[in-house]
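Take a look at the letters that make up each chain.
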Amino acid sequence: MEHGPRAAAARVLRADADGLAAAVAALDAGELIGLPTETVYGLAGDAFAPATVAAIFAAKARPADNPLIVHLAAAEQLSRVTQHVTPLARALAAAHWPGPLTLVVSAADSVPTITRAGLSSVAVRVPDHPVATAVLTRCRSPLAAPSANRSGRPSPTTAMDVVTEFGSELALVLDGGPCVIGVESTVVDARGSRPIVLREGGVTREQLGVAADEAGGELERSPGTRYRHYAPRCRIEIAPTGQLDVEVARAVTTGVHLGVLVHRDRAEQLPTTATVIDTFTDAPDLARRLYTGFREAERAGVELLLVEAVAEEGVGRAVMDRLRRAAGVA
Ligand code: TXA
Ligand code: MG
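Residues numbered from 1 in each chain as written. Chains lettered and ligands numbered in written order. Predicted model: local features only at pLDDT ≥ 70, side-chain atom pairs only at ≥ 80, totals over all residues. Heavy atoms only, no water.

## A word on the sheet that holds strand 8 (residues 172-175)
And then number 1: Sheet architecture is open: ten strands sit in the order 1-8-2-3-7-4-6-5-9-10, paired in mixed fashion. Edge positions in the sheet fall to strand 1 (12-14) and strand 10 (196-199), since each has one partner strand and no second.
And then number 2: Note that strand 3 (residues 42-46) and strand 7 (residues 143-144) share two bridges and pair antiparallel. Residue pairing for strand 7: Asp 46 is matched across the bridge by Leu 143. (Pairing = 2+ DSSP bridges. Helix = DSSP H or I, 4+ residues; strand = E, 2+ residues; numbered from the N terminus.)

As C-alpha cells, then:
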C-alpha cells in the first residue's frame, strides 16, 4: 500500500448499511466510487450520466475509443440498455448471470455515446458479488465500471489496490474483501447465433461451449484488447511449463533482482537469490493471485518477475492471456 496524504485521504468503507448508503448517495450525485465485484474492483459511476462517464475516462486516462461495461442488478434490467435481446443473449444471461460474463448487445439510444465509445453496441453484465448487487439494486442508474486501475496497469483485486491507484480521487471505496475470481469477465458478442469470445475471462470457453480455436481474430476482439495491459512497473516473463529451472538460472546469471510467482511444489527448490513473491496451486488460484502478485513485485522492488505458465484450459486461458499482455508478447 502507498502511504502519504493522497492514500490517507481516501475513504475505504465497510459495506454495512452506512457504507452502502454513502455509496448509493455518491453514485446518484454523479460521483465515482471503487466497487467490489467477483472478478476485479470496478471504478463505478452512473452509466447514463455523460459527465460522470467522462470523469471515469479522465481518471483512468483511458482512450476514448475503448467502451465501458454497463453493470445491472439483474437480467430483467436488460431492457434499460438494449431493445434487441437475441435468443443467444437470453440463453447466455440465463446460464451465467449473475457471473463473470459480459455480453455485447446492440445498444438502445438511452445509453450515452461516450459510454459505448461511439459504437452501436453496448457491453453489459450482472456481477455476482453481494456488495455490487446491493449497490446496483439501490442506485438510480446502471453503473459503468471499468476495472479500477489507471489505463495499462494491473486490475485491482482488493480495496487497498484501488486506493493505491486512485488515492483520494474517488468519493469512496467500498471494501468487499479480495475478489474471488481475480481476472476480468469474459466478453462475448451475443448479437449473432453463436457466441464470439472477444476477451477471455472468468467464464471459460468450456462453459460456453466454444472451441479453443473458434473465432477471435484481431478484428473481432474487444477494442480494449488492442492496448498493452495489466502491466506492473517491473518486467514480466513467462516460464513455460517444465522450464522454470532453466529460466530462473538464466535470469540469476544476469544479476537482476528476480521475483518469482510459481507453483507451490516448485518454490522450495529455487535458488535463494530469487524472491518468492507468491505461490499458487492451480490456474484458478493463480487467477486470484496474479494481479496482487504483480503489485507485490512492485512493492518488493524486483526488476523481473518470472511467472510459471499454467495450462491453456479453463480459467488458465484468461490467466495466460493477461500474462502475455503484461509481458508484452501478446
Ligand atoms: O470483470 C470485469 O469485466 C470488470 C469488472 C469491474 O466488472 N470490468 C472490466 O472493465 O474489466 P474494463 O473496462 O476494464 O474492460 C472492458 C472490456 C474492454 O476490453 C472493452 O474494450 C470491452 O470490454 N468492451 C466494452 N464495450 C464493448 C463493446 N461494445 N464491444 C466490444 N467490446 C467492448
Ligand atoms: Mg481493465
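And the narrative resumes.
## Notes on the pattern of salt bridges
And then number 1: The tally for this structure, following the rule as stated, stands at 24 salt bridges.
And then number 2: A salt bridge links Arg 250 to Glu 237; the shortest N-O distance between them is 3.4 Å. Of this pair, Arg 250 sits in helix 8 (residues 244-254) while Glu 237 sits in strand 11 (residues 235-239), and the two are 13 residues apart along the sequence.
And then number 3: Residues participating in the shared-partner salt-bridge network are Arg 153, Asp 161, Glu 165, Arg 233, Arg 295 and Glu 298. (Salt bridge = Lys/Arg side-chain N within 4 Å of Asp/Glu carboxyl O.)

## Topic: the pairing of strand 3
And then number 1: Counting buried positions along strand 3 yields five of five residues, so the element is predominantly enclosed.
And then number 2: In this structure, strand 2 (residues 33-35) lies alongside strand 3, joined through three bridges in antiparallel fashion. Its bridge partner being in strand 3, Ile 33 is matched across the sheet by Ala 44.
And then number 3: Joining the antiparallel neighbours strand 2 and strand 3 is a turn of six residues. (Buried < 20%, exposed > 50% of the residue type's maximum accessible area, 1.4 Å probe, protein only.)

## A closer look at the domain arrangement of the protein
And then number 1: You can read the domains of the protein as domain 1 (12-221) and domain 2 (235-327).
And then number 2: Centre-to-centre, using C-alpha coordinates, domain 1 lies 28 Å away from domain 2.
And then number 3: Facing 26 residues of domain 1, the contacting portion of domain 2 comprises 15 residues.
And then number 4: Where domain 1 abuts domain 2, roughly 1,600 Å² becomes buried across the two surfaces, and 48% of that area is made up of carbon and sulfur atoms.
And then number 5: Considering only the surface of domain 1 that becomes buried against domain 2, Pro 154, Val 183 and Glu 200 emerge as the three largest contributors, covering 30% of it.
And then number 6: Taken together, domain 1 and domain 2 are joined by five salt bridges.
And then number 7: A salt bridge links Arg 295 to Glu 165; the shortest N-O distance between them is 3.1 Å.
And then number 8: For the side of domain 1 that touches domain 2, the element with the most residues is helix 6 (residues 159-166), which contributes three residues.
And then number 9: Considering only residue class, the side of domain 1 that touches domain 2 consists of eight nonpolar, nine polar and nine charged. (Domains from an automatic or database assignment. Contact = heavy atoms within 4.5 Å. Buried area = accessible area lost by both parts, 1.4 Å probe. Nonpolar A, V, L, I, M, F, W, Y, C, P; charged D, E, K, R; others polar.)

## A closer look at the pairing of strand 5 (residues 101-106)
And then number 1: Within strand 5, six of the six residues are buried, which leaves the element mostly enclosed by the surrounding structure.
And then number 2: Sheet topology note: the strand 5/strand 9 (residues 186-189) ladder contains four bridges and is parallel. Bridging from a neighbouring strand, Leu 103 pairs with Val 188 of strand 9.
And then number 3: Bridge analysis of strand 5 against strand 6 (residues 121-125) gives four bridges, and the strand direction is antiparallel. If you follow Ser 106 over to strand 6, its bridge partner there is Ser 121.

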